[in-house]
Amino acid sequence: IAKQIVIERQIGEGRFGKVCLANWRGAHVAVKIFTTINDQSWLRETEIYQTVLLRHDNILGFIAADLKVSVGGAQMMLITEYHKRGSLHDFLKENTIDTAQLVVMARSIASGLAHLHEPINGTHGKPCIAHRDIKSRNILVKTDGECCIADFALAVRYDSRRNEIDIAPNSRVGTRRYMAPEVVNDTIDVTSFSAFKSADMYSASLVFWELCRRSRQSWPVGGSPMLQADEYMLPYANLVGPDPSVDDMRLVLIVQGARPDIPMRWKCDNRLRVISEIIQFCWHQNPNVRLAALRVMKTLRKLEDSETLEN
Ligand SMILES: Cc1cccc(C2=C(c3ccc4ncccc4n3)CNN2)n1
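Along each chain, residues carry numbers from 1 onward, in the same order as the chain's sequence is written. With pLDDT at 70 or above as the cut-off, local features in this predicted model cover only qualifying residues; side-chain atom pairs require 80 or more to be listed or tallied, and sums for whole chains, interfaces and linings still use all residues. Where side-chain values are given, they derive from all heavy atoms of the structure, hydrogens and water being excluded.

Enquirer: Explain the overall build of the protein chain residue by residue, including any values.
Expert: For the purposes of this entry, the term helix denotes a DSSP run of H or I that reaches at least four residues, the term strand denotes a run of E that reaches at least two, and both are numbered from the N terminus. When you go through the protein chain residue by residue, the secondary structure sums to eight helices and twelve strands. Relative accessibility decides the category of a residue: with a 1.4 Å probe and only protein chains considered, values under 20% of the type maximum give buried, values over 50% give exposed, and everything between is partly exposed. Expressed as a percentage of the 311 residues in the protein chain, the buried residues total 51%. Here a residue-residue contact requires only that any non-hydrogen atoms of the pair lie within 4.5 Å. Residue pairs at least 24 apart in sequence account for 65% of intrachain contacts in the protein chain once pairs closer than 6 positions are excluded. For every accessible area listed, the method is Shrake-Rupley and the probe measures 1.4 Å; residues are considered covered only by the protein chains on display. Approximately 14,500 Å² of the protein chain is accessible, and the part contributed by carbon and sulfur atoms is 53%. His is not counted, nor are the chain ends, whereas Lys and Arg count as positive and Asp and Glu as negative. Charged groups are reduced to one reference atom each: NZ for lysine, CZ for arginine, CG for aspartic acid, CD for glutamic acid. For the protein chain, the distance from the average site of its 39 positive side-chain charges to the average site of its 36 negative ones is 2 Å.

Enquirer: So what's going on with the site of the ligand? Which residues, and what values?
Expert: Nearness here has a simple test: a residue counts as near a molecule or strand if at least one of its heavy atoms is within 4 Å of that partner. Taken together, 17 residues are adjacent to the ligand, and Ala30, Lys32, Thr80, His83 and Asp151 come closest. Between the ligand and lysine 32 there is a distance of 3.4 Å, counted from a nitrogen atom to a side-chain nitrogen or oxygen. Counted as a polar contact is a pair of N or O atoms within 3.5 Å, where, for protein atoms, one must be capable of donating a hydrogen and the other of accepting one, and residues adjacent in sequence contribute only when both atoms are in side chains. Histidine 83 places a main-chain nitrogen or oxygen 2.9 Å from a nitrogen atom of the ligand. A total of 480 Å² of accessible area belongs to the ligand in isolation, and the protein chains cover 92% of it. Of all elements in the fold, only strand 3 (27–34), helix 1 (39–49) and strand 5 (73–81) reach the threshold of two or more residues within the shell around the ligand.

Enquirer: Residue-level account of the pattern of salt bridges, with values.
Expert: When a carboxyl oxygen of Asp or Glu is within 4 Å of a side-chain nitrogen of Lys or Arg, the pair counts as a salt bridge. Applying the stated criterion across every chain yields a total of 19 salt bridges. Here glutamate 164 and arginine 162 are joined by a salt bridge, their closest N and O atoms 3.3 Å apart. Glutamate 164 sits in the partly exposed class, given a relative accessible area of 40%. Taking the relative accessible area as the measure of exposure, arginine 162 reaches 57% and is therefore exposed. Between aspartate 186 and arginine 172 there is a salt bridge, and its shortest N-O distance comes to 3.7 Å. Here the residue aspartate 186 occupies a position in the loop between helix 4 (181–184) and helix 5 (193–213), and arginine 172 occupies one in the loop between strand 11 (164–165) and helix 4, the gap between them amounting to 14 residues. Since its relative accessible area comes to 33%, arginine 172 is described here as partly exposed.

Enquirer: Could you give an account of the packing of aromatic side chains, naming the residues involved and the relevant values?
Expert: The aromatic pairing rule takes the rings of Phe, Tyr and Trp, using the six-membered ring of Trp, and pairs them if the centres are within 6.5 Å, calling planes under 30 degrees apart stacked, those over 60 edge-to-face and the rest tilted. According to the stated counting rule, one finds four aromatic pairs in the structure shown. Relative to phenylalanine 152, the ring of tyrosine 49 has its centre 5.1 Å away and its plane inclined at 80°; by these criteria the two rings are edge-to-face. Note that tyrosine 49 is positioned in helix 1 and phenylalanine 152 in the loop between strand 9 (147–149) and strand 10 (156–159), a separation of 103 residues in sequence. In this pair, the class of tyrosine 49 matches that of phenylalanine 152, namely buried. Ring geometry for tyrosine 158 versus phenylalanine 193: centroids 5.1 Å apart, planes at 20°, classification stacked.

Enquirer: I'd like a description of the sheet that holds strand 2 (residues 17–24), backed by residues and values.
Expert: Neighbouring strands of a sheet are bound in pairs by backbone hydrogen bonds; such pairs are parallel or else antiparallel. Any two strands between which DSSP finds at least two bridges are classified as paired. Ordered by their spatial adjacency, five strands build an open sheet running 1-2-3-5-4, and the pairing between neighbours is antiparallel. Of all strands in the sheet, those bounded by a partner on one side alone are strand 1 (5–13) and strand 4 (62–70). Along the sheet, successive strands turn relative to each other by an average axial angle of 30°, direction set aside. Inspection of the sheet shows strand 3 paired to strand 5 by six bridges, in the antiparallel sense. Bridging from a neighbouring strand, valine 31 pairs with isoleucine 79 of strand 5. Here an axis means a line fitted to C-alpha atoms, over the contact stretch when the element is a helix, while the angle between two N-to-C directions is reported on a 0 to 180 degree scale.

Enquirer: Report on a positive patch on the surface, specifying residues and quantitative values.
Expert: Patches draw on residues past 30% relative accessible area with no salt bridge. Two like charges within 9 Å are joined, as are two nonpolar side chains (Val, Leu, Ile, Met, Phe, Trp, Tyr) within 5 Å. On the surface, Arg295, Lys298, Arg301 and Lys302 cluster together into a positively charged patch. Position of lysine 302 among the secondary structure elements: in helix 8 (residues 293–310). Among the residues examined, lysine 302 registers a relative accessible area of 56% and is labelled exposed.

Enquirer: For the packing of helix 3 (residues 99–117) against helix 7 (residues 270–282), give the residues involved together with the corresponding values.
Expert: It is at 9 Å that the axes of helix 3 and helix 7 come closest, and there the two elements cross at 30°. Here helix 7 runs roughly parallel to helix 3, going by the angle between their axes. Taken as a pair, helix 3 and helix 7 cross one another with a handedness that is left-handed. Facing helix 3, whose interface residues are Thr99, Ala100, Leu102, Val103 and Ala106, helix 7 presents Arg271, Leu272 and Ile275. Under the scheme applied, nonpolar residues are Ala, Val, Leu, Ile, Met, Phe, Trp, Tyr, Cys and Pro; charged residues are Asp, Glu, Lys and Arg; polar residues are all the others, including Gly. A per-class count over the contact of helix 3 with helix 7 returns six nonpolar, one polar and one charged. Comment on the angle field: the value is read as roughly parallel under 35 degrees, roughly antiparallel over 145, roughly perpendicular from 65 to 115, and oblique elsewhere. Throughout, a crossing is termed right-handed when the near helix is turned clockwise from the far one, and left-handed when it is turned anticlockwise from it by less than a right angle.

Enquirer: Describe the pairing of strand 10, naming the residues involved and giving the relevant values.
Expert: Burial along strand 10 is two-sided: the residues Val156 and Tyr158 and Arg157 and Asp159 are all buried. Strand direction decides the pairing type here: strand 7 (residues 128–130) and strand 10, joined by three bridges, are antiparallel. Counterpart to alanine 130 in the pairing with strand 10 is valine 156. Relative to strand 11, strand 10 runs antiparallel, the two being bridged by two bridges.

These figures come from the coordinates and say nothing about function on their own.
Quick look at the structure:
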């Protein structure tokens with residue numbers, strides 16, 4: 001496959017490799033190219049993508065892993081679907097969404113996470129997977145308005161039958177800005193797989209918060225300031241710098257117990273009110289208070305169906 005890939009241009013820079021737009025047999029695909037020094041992450045992401053039954057509408061669609069041997073050495077590459085609307089982070093910087101779109105995006109992220117987190121039992125079932133680097137840059141916007149989750153190099157898998165996690169989980173990984181409090185102060189219980197799932201839900205609550213900020217009411221209300229979108233903002237951008245240290249995050253999350261602001265206007269709209277309640281449960285200091293992805297998905301699916309009936 002690698003020989004049939006024509007790289008068009010670079011479209012992103014990940015933690016482990018660069019992402020390019022490429023052409024494969026006339027179709028656009030995304031290709032992540034790893035420099036040979038990162039072959040651990042290439043292997044790990046390949047392994048996760050090849051997990052039995054991983055495929056899902058809200059998980060980035062994997063096409064192939066391949067090696068391109070060239071004069072300069074071997075280039076490891078992973079090939080996936082191409083999503084022309086790009087990452088959720090980039091999309092929200094440039095666009096606002098109405099609350100109907102907000103519910104669809106949030107529900108699709110919860111649905112992808114629930115698919116990762118839940119086991120599928122049976123002889124060839126799917127293990128539970130915790131992502132460990134959930135953030136708006138690792139989520140892509142699809143043309144149907146739903147989102148899909150990408151970047152699995154840091155993920156861990158749990159085989160519930162053998163009760164074991166597939167790698168010795170190095171305790172503090174991920175993006176510091178989105179790290180759960182228990183990850184920041186290294187009190188996460190790495191022997192309990194559910195601890196990784198509730199840390200994912202904390203990070204997801206920050207992505208939901210980014211989504212709510214950029215949402216406006218669905219119907220035109222004469223542009224009253226109460227119901228307009230807020231400008232794009234990274235979580236905690238008002239409290240930490242552009243590249244926060246673990247200590248910066250510890251001061252905010254644990255010493256001050258701070259969380260992003262929930263504006264008053266979110267209480268005036270049913271959809272925003274329901275999602276802000278989900279957000280506050282999911283970023284709770286106590287991981288056991290946070291909602292499971294499956295619960296969030298079910299709540300948002302009901303919201304999606306009910307509000308559609310009312311409109
Ligand atoms: C395994 C793999 C291969 C190719 C890209 C990616 C990836 C991303 C990706 C995938 C498709 C895209 N389509 C359009 C724009 C950006 C994209 N980024 C973002 N983080 N990882 N992952």
